[in-house]
Amino acid sequence: MTKSPSNEHFTAVVMPHLDDAYALARWLSGNNADADDIVQEASLRALRGFDRYAGGNARAWLLAITRNTTFTWLARNRPNTLVISDDIENLPPADDAATPEEALIAKADAAAIELAIGTLPAPFKETLVLRDINGLSYRDIAEITGVPLGTVMSRLARARGLLMAALGRPEAK
Amino acid sequence: MSRGNETLLTHAALDGELDAAGMLDFENRLAANASLAAEYGRLKALREVMRRELVKPAAPPALRQRIAAMVAPSASVRPARAAPPWQAMAASAILAAGLGSASTWLALRPAIEDTNLVGTLIADHKRGLLSGQPADIASSDRHAVKPWFGRVALAPKVVDLAPQGFPLAGGRIDVIAGAPAPVLVYRRKAHVISLTALPAQGAPPAGAFEIDGYSVQVWRDGGTDYWAISDTDPAGLANFRQLFEAAANSGPGKTD
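Residues numbered from 1 in each chain as written. Chains lettered and ligands numbered in written order. Predicted model: local features only at pLDDT ≥ 70, side-chain atom pairs only at ≥ 80, totals over all residues.

S.K.: Outline the overall build of chain B, supporting the account with residue identities and numerical values.
M.R.: For chain B, the count of helices and strands is 11 helices and seven strands. For chain B, with 256 residues in total, the buried portion stands at 37%. In chain B, the share of contacts with a sequence separation of at least 24, taken over all contacts with a separation of at least 6, comes to 51%. (Helix = DSSP H or I, 4+ residues; strand = E, 2+ residues; numbered from the N terminus. Buried ≥ 20, exposed ≤ 12 C-beta atoms within 10 Å, placed from the backbone. Contact = placed C-beta atoms within 7 Å.)

S.K.: Break down the confidence of the model for chain B for me, with residues and values.
M.R.: Residue and element names in this part refer to chain B. Summary statistics for chain B give a mean pLDDT of 76 and a share of 76% for residues scoring 70 or more. Here helix α7 (residues 102-108) is the element of chain B with the lowest mean pLDDT, 36, and helix α3 (residues 34-53) is the one with the highest, 95. Taken as a whole, residues 74-115 scores under 50 in pLDDT and shows 56 contacts with residues more than four places along the chain or in a different chain. Note on the complex model: pTM 0.56, ipTM 0.87. (pLDDT = per-residue confidence, 0-100.)

S.K.: Kindly report on the interface of chain A and chain B, identifying the contributing residues and their values.
M.R.: Counting from both sides, the interface comprises 44 residues of chain A and, opposite them, 43 residues of chain B. The dominant element in the side of chain A that touches chain B, judged by the number of residues it contributes, is helix α1 (residues 4-14) of chain A, at eight residues. Residues of the side of chain A that touches chain B, tallied by class, amount to 25 nonpolar, nine polar and 10 charged. (Nonpolar A, V, L, I, M, F, W, Y, C, P; charged D, E, K, R; others polar.)

S.K.: Which residues make up the sheet that holds strand β7 (residues 224-230) of chain B, and what are the values?
M.R.: All names here are of chain B. Strand order in the open sheet made by the seven strands is β1-β2-β3-β4-β7-β6-β5, with antiparallel pairing throughout. Looking at strand neighbours, the two that pair on one side only are β1 (137-138) and β5 (207-211), the edges of this open sheet. This element, helix α10 (residues 234-248), spans β3 (179-188), β4 (191-199), β5, β6 (214-221) and β7 of the sheet and lies at about 20° to β6. (Pairing = 2+ DSSP bridges. Axes fitted to C-alpha atoms, helices over the stretch in contact; angles between N-to-C directions.)

S.K.: Residue-level account of the pairing of β4 of chain B, with values.
M.R.: Both faces of the sheet carry side chains from a regular strand, because those side chains alternate between them. Residues and elements named next belong to chain B. The sheet contact formed by β3 and β4 spans six bridges and is antiparallel. If you follow Y186 over to β4, its bridge partner there is I193. Across seven bridges, β4 lies against β7 in antiparallel orientation. If you follow I193 over to β7, its bridge partner there is S230.

S.K.: Can you lay out unusual backbone geometry for me, pointing to particular residues and giving the numbers?
M.R.: With the exception of glycine, most residues fall at negative phi, and the peptide bonds are largely trans. Residues and elements named next belong to chain B. One non-glycine residue, K189, lies in the positive phi region at around 55°. Within the secondary structure layout, K189 lies in the loop between β3 and β4. The exposed category is assigned to K189, around which 8 C-beta atoms lie within 10 Å.

S.K.: Describe in detail the nonpolar core, supporting the description with residues and values.
M.R.: One broad trend across soluble globular proteins is that nonpolar side chains are buried collectively. One finds A21, L24 and V39 of chain A together with Y186 and A228 of chain B to be the most contacted residues of the largest nonpolar core, which totals 95 residues. Here this core gets 10 residues from one element, more than from any other, and that element is helix α9 (residues 149-167) of chain A. Those residues within four positions of V39 of chain A in sequence are excluded, and the remaining contacts are L18, A21, Y22, A25 and T66 of chain A together with A59 and L63 of chain B. (Core = buried A, V, L, I, M, F, W, Y, C linked by C-beta atoms within 7 Å.)

S.K.: Break down the pairing of strand β2 (residues 168-176) of chain B for me, with residues and values.
M.R.: Residues and elements named next belong to chain B. Of all nine residues in β2, nine are buried; the element is thus mostly enclosed. Across eight bridges, the pairing between β2 and β3 is antiparallel. In the sheet register, R172 faces β3, and the bridge partner there is V183. Where β2 folds back on β3, the antiparallel hairpin that results is connected by two residues, among which A177 adopts a positive phi of roughly 55°.

S.K.: A description of the packing of helix α8 (residues 138-145) of chain A against α9 of chain A should follow, citing residues and the corresponding values.
M.R.: Residue and element names in this part refer to chain A. Contact geometry for α8 and α9: axes closest at 9 Å, N-to-C directions at 105°. Our classification of the angle between α8 and α9 gives roughly perpendicular. Only L149, V152 and M153 of α9 make contact with α8, whose side of the interface consists of Y138, R139, I141, A142 and T145. Looking at the contact of α8 with α9 residue by residue, the class counts come to six nonpolar, one polar and one charged. (Parallel < 35°, antiparallel > 145°, perpendicular 65-115°, else oblique.)

Have a look at this one:
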């Protein structure tokens, strides 16, 4: 069962987007070693499902597989890190008394930002990472995460709202 | 407009997701609404600080190599196995030697060993022949082959040598040391020539030699090392190299 012609094609389609897949897995899992395992598994899945790749946006295709692999992998290997709540979209916005301060947000360092992103609920986190780390359009994010455009927009707003609250709170400094 | 929608549109404006009319409308409301402007300022500050502080991590080279090895045809038999341990490789070498010849083994070896670049190139050349498809894009038209390589960083010069007896057969992309490398495929009578372009590294390689019944020619042209591999006779390959170099350097009009 030689698959070499499609394997060469696979290399050309997938390899250019490996950094994006790794960045997504790294941010969703929170560490490099896990991201390594996840991206390898995602690549294997992509290879096996390559027959179903119908052309088009290769990056979104690979990221969708990576995203799904990440959640399966985390559920299997890191069951405690995944907080999944059905009601997450319906939670009222956090009613922080203090309005976050722009100047404090601007002074945040990498460790503080990483901590704040790390504590976001998974649906908010993945939307934020796909937009602000991977730089994808709303439409691509909707396709990858399998939710309507409006949900992408509200998740992104919630994610950024939580980050700003965490980084821009006066007592945090 | 509801408060919730206004929040969403503020983010959409920041992300460049609004069309011109939407943006114009947003800017008008921004000018008239101080609290909206403050929120927009905070969002911009958040984006700036994330860009400044967060580094987008790159896939480590070892991971790239494992995936490249997984994708190599030899691994498609057992895709779950990445980077086989040396004992297993030795065992399959013995098996291959028993079944056919040592060259069979060489052809089936995954292209992951940077230490033996020539061996890898010959293996890739053989793999192309064994699969019956030495080129992923089969075309004798260099204007079709050249843009096809747009997907790899290093685009090789593509020249037409058909009048001189070396018709272009197409191109493919091999994985050399974990990175995609463009390969031009030419024919000479019944023989196939694989011409691999690699980013120039170290001392300029140059020369001609024979390994395992294959002729090899290597030369450097600017920032690119060209490796020509073929089962044609050494004189024929030397002739190919001469013609290729001459055509590649005879002016931009001939090579684009």
